[in-house]
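Residues per chain, in single letters:
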Amino acid sequence: MERGGNSLLWTDTATALGGGQALRTAGEPEPAARYRGSWLISPALLKGHFHPPWLPGLEEATLSICDSHTNMKLKGGKQESSEDSEGAKGKMTLPLALAALVSAFGSSFQYGYNVSVINSPAPYMQDFYNRTYLDRTGAPMDSGFQTLLWSLTVSMFPLGGLFGSLMVWPMVNNCGRKGTLLINNLFSIAAAILMGTSELAKTFEVIILSRVVMGIFAGLASNVVPMFLGEMAPKNLRGAIGVVPQLFITIGILAAQILGLNSILGNAEGWPVLLGLTGIPSLLQLLTLPFFPESPRYLLLQKGNEKQARRALQRLRGREDVDDEIQEMYQEDQSEKEEGQFSVLSLFTFRGLRWQLISIIVMMAGQQLSGVNAVFYYADRIFESAGVPSSSIQYVTVSIGAINVVMTLLAVFIVESLGRRILLLAGFVLCSASCAILTLALNLQTTVSWMSYLSIVCVIAYIIGHAIGPSPIPAVMITEMFLQSSRPAAFMVGGSVHWLSNFTVGLVFLYMEAGLGPYSFLIFCAICVTTMLYIFFIVPETKNKTFMEINRIMAKRNKVEIQESKELTDSYPLQKQEEKKVLSSSEM
């Protein structure tokens, strides 16, 4: 028999499972006879509903899909497909890698760039503020007012980040993940134009306003990019791809440090260009991201479009058979049907997500309150006390930024082998030890000459510890610990905690430093230890697990039962079920 022929008896799957008697005979048109080149036989046929003469003894068979080129083997009633075994582990395909690079470079890179970009040209920008004020009023700016304006310039960025985080939930649900990133680029491009032309327009107010707008951009980017990539990645690559946004944040910081050198753009003439360059990655993302697929989970579970979701998955995975992932999405959808889409309020009141919510709040707060910004702030002073010439300190700062990039890159390669918990625990242990020893070294460096060098070692050790765990992993954990319906609200909460903590450290640290001096690092040490203990006792390992498997683990801790259908037919459309059978003429 030819594979394309009509000499098989076909059952209508839905009717057969419903107990009906619709049976198609030879010669009749095939009702969706092919499923991507495969013969479809209803599972009901194998469960005794029908017994055609050509189907004896197959009741115990496990059904699978096999294309014409696939070699099938029958062993003990089981059939194996080379495509199935091949698809057990996702591969890093070119479309997936490019999607990660484009979204991270266009969004995450700019977050890092704008964190660091105003540090080097600060004296020249403050001079511009003063000259502009003098031209307007005829009197020099009061030093207190100048300090206030500069404080606003610095602090408006994390405040804008908080506003951006509060926009995550409505935007990703209504515009999609990719759509939100594309719209977000408009904030960055507008802010870049305003900052780049501020000196020409003789207005410092637009710089402060643009810092708010860039903060909104960064607040959205820091949450949407990890969500977008986490939903696109296969489970065995989800950690590595989830660290890519943090890698590009560190690259952005390093790029701003290099371009901000006095010999490049960190001078009186170059600072407007330095600020305006932030629009280039956004423009590139705006032109290239539309050619990549939207998150398959968003398309299927929120838009209900299986055809587009399947097409997106096939493109990202580089293979036709994506039924396992489609099925897993339907199972996730089935388990969430009763709750519907979560708002932030319902997230806080739902018992089934209690420990997940507490965990992301603790990890995000621990990430920022662990003192990473304070260590960078102290770094210049520490290097100067160790005898590094003032003119060379900015080059040492660049080298610290390079270490940050290298260690985050290392995290990309080891997160799937070591797991999330190990990196988080090791990172916080290293950070807490560094803070404790740094406190001792800073207090003794005036009496013991070599203590200043120990301080440098502590700074480097702290940055290494933070780069491998506390910086990149919490955003990965938010993606993994929440299902589709609650993930946007969870990112909104996690992002808000992140930016509030960032803003708090920037606001409070100068007062802490004035009152406590080096002992302020003991507070950061205590926060690191507390966060580490929480992770050790509460946070599970999520490496190489599906979202549903992680959800089951957390359900036990929350002491709730997951409403899951025991029958595959409850969670996966009948005509798409994986129980399919191929019968060639040679086997008849």
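Per chain, residues are indexed from 1 in the order of the written sequence. Confidence filtering applies because this is a predicted model: local features only for residues at pLDDT of at least 70, side-chain atom pairs given and counted only at 80 or more, and all residues used for totals across whole chains, interfaces and linings. To obtain the side-chain values, all non-hydrogen atoms of the structure were included, while hydrogens and water were left out.

## Description of helix α15 (residues 306-317)
We count it as follows: Runs of E in the DSSP output that reach at least two residues are strands. Runs of H or I that reach at least four are helices, and both are numbered from the N terminus. What a helix is expected to span follows from its residue count: subtract one and scale by 1.5 Å. Partly exposed residues are those whose accessible area sits between 20% and 50% of the maximum for their type, while under 20% is buried and over 50% is exposed, using a 1.4 Å probe and protein chains only. The contact criterion used is simple: two residues touch if any of their non-hydrogen atoms lie within 4.5 Å. By the criterion applied in these results, polar contacts are pairs of N or O atoms within 3.5 Å in which, for protein atoms, one can donate a hydrogen and the other can accept it, and in which residues neighboring in sequence qualify only through two side-chain atoms.
Given a rise of 1.5 Å per residue, 12 residues ought to cover 16 Å, and the 16 Å separating the end C-alpha atoms of α15 matches this to within 8%. Those residues of α15 not exposed but buried are E306, A309, R310, A312, L313, Q314, L316 and R317. Turning to α15, the residues buried within the fold contact α4 (94-116), α10 (205-232), α14 (296-302) and α16 (323-336). For α15, the side-chain oxygen to backbone nitrogen distance between the N-cap and K307 is 3.3 Å, and the N-cap itself is N305. Looking one or two places after α15, you find G318, whose phi comes out positive at around 75°.

## Here we look at the confidence of the model for the chain
Which entries qualify depends on this criterion: pLDDT expresses how confident the predictor is about each individual residue, on a scale running from 0 to 100.
Per-residue pLDDT for the chain has a mean of 81; in total, 80% of the residues score no lower than 70. Here residues 1-88 is modelled with pLDDT under 50, and outside its nearest four sequence neighbours on either side it reaches 154 contacts, counting other chains as well. In the predicted structure, residues 574-588 sits below a pLDDT of 50 and forms 51 contacts with residues beyond four places in sequence or in another chain.

## Quick notes on the packing of helix α21 (residues 420-444) against helix α25 (residues 520-538)
We apply this condition: Only the stretch in contact is used when a helix axis is fitted, and all axes are lines through C-alpha atoms; the angle between N-to-C directions ranges over 0 to 180 degrees. If an angle is under 35 degrees, it is roughly parallel; if it is over 145, roughly antiparallel; if it lies from 65 to 115, roughly perpendicular; otherwise it is oblique. Note: crossing handedness is left-handed where the near helix turns anticlockwise from the far helix by less than a right angle, and right-handed where it turns clockwise. Three classes are used: nonpolar for Ala, Val, Leu, Ile, Met, Phe, Trp, Tyr, Cys and Pro, charged for Asp, Glu, Lys and Arg, and polar for all others, with Gly counted as polar.
One way to put it is that α21 packs onto α25 with a least axis distance of 8 Å and a crossing angle of 160°. Relative to α25, α21 is oriented roughly antiparallel. By crossing handedness, the relation of α21 to α25 is classed as left-handed. Contact residues: α21 offers R421, L424, L425, F428, V429, C431, S432, C435, A436, L438, T439 and L442, while α25 offers F521, L522, F524, C525, C528, V529, T531, M532, I535 and F536. A breakdown of the residues in the contact of α21 with α25 according to their chemical character gives 18 nonpolar, 3 polar and 1 charged.

## Some details on the pattern of salt bridges
As a working rule, side chains carrying opposite charge can pair if their charged atoms are close by. Applicable threshold: By convention in these notes, a salt bridge is any Lys or Arg side-chain nitrogen within 4 Å of a carboxyl oxygen on Asp or Glu.
Scanning all chains against the criterion turns up 12 salt bridges. Between R310 and E306 there is a salt bridge, with its nearest N and O atoms 2.9 Å apart. Here E306 and R310 lie together in helix α15, a separation of 4 residues that amounts to about one turn. Across this residue pair, the class does not change: R310 and E306 are buried. Between E480 and R420 there is a salt bridge, and its shortest N-O distance comes to 2.5 Å. Of this pair, E480 sits in helix α23 (residues 473-481) while R420 sits in helix α21, and the two are 60 residues apart along the sequence. The pair E480 / R420 is uniform in exposure class, with both members buried. Through salt bridges that share partners, R238, E416, R420 and E480 make up one connected network.

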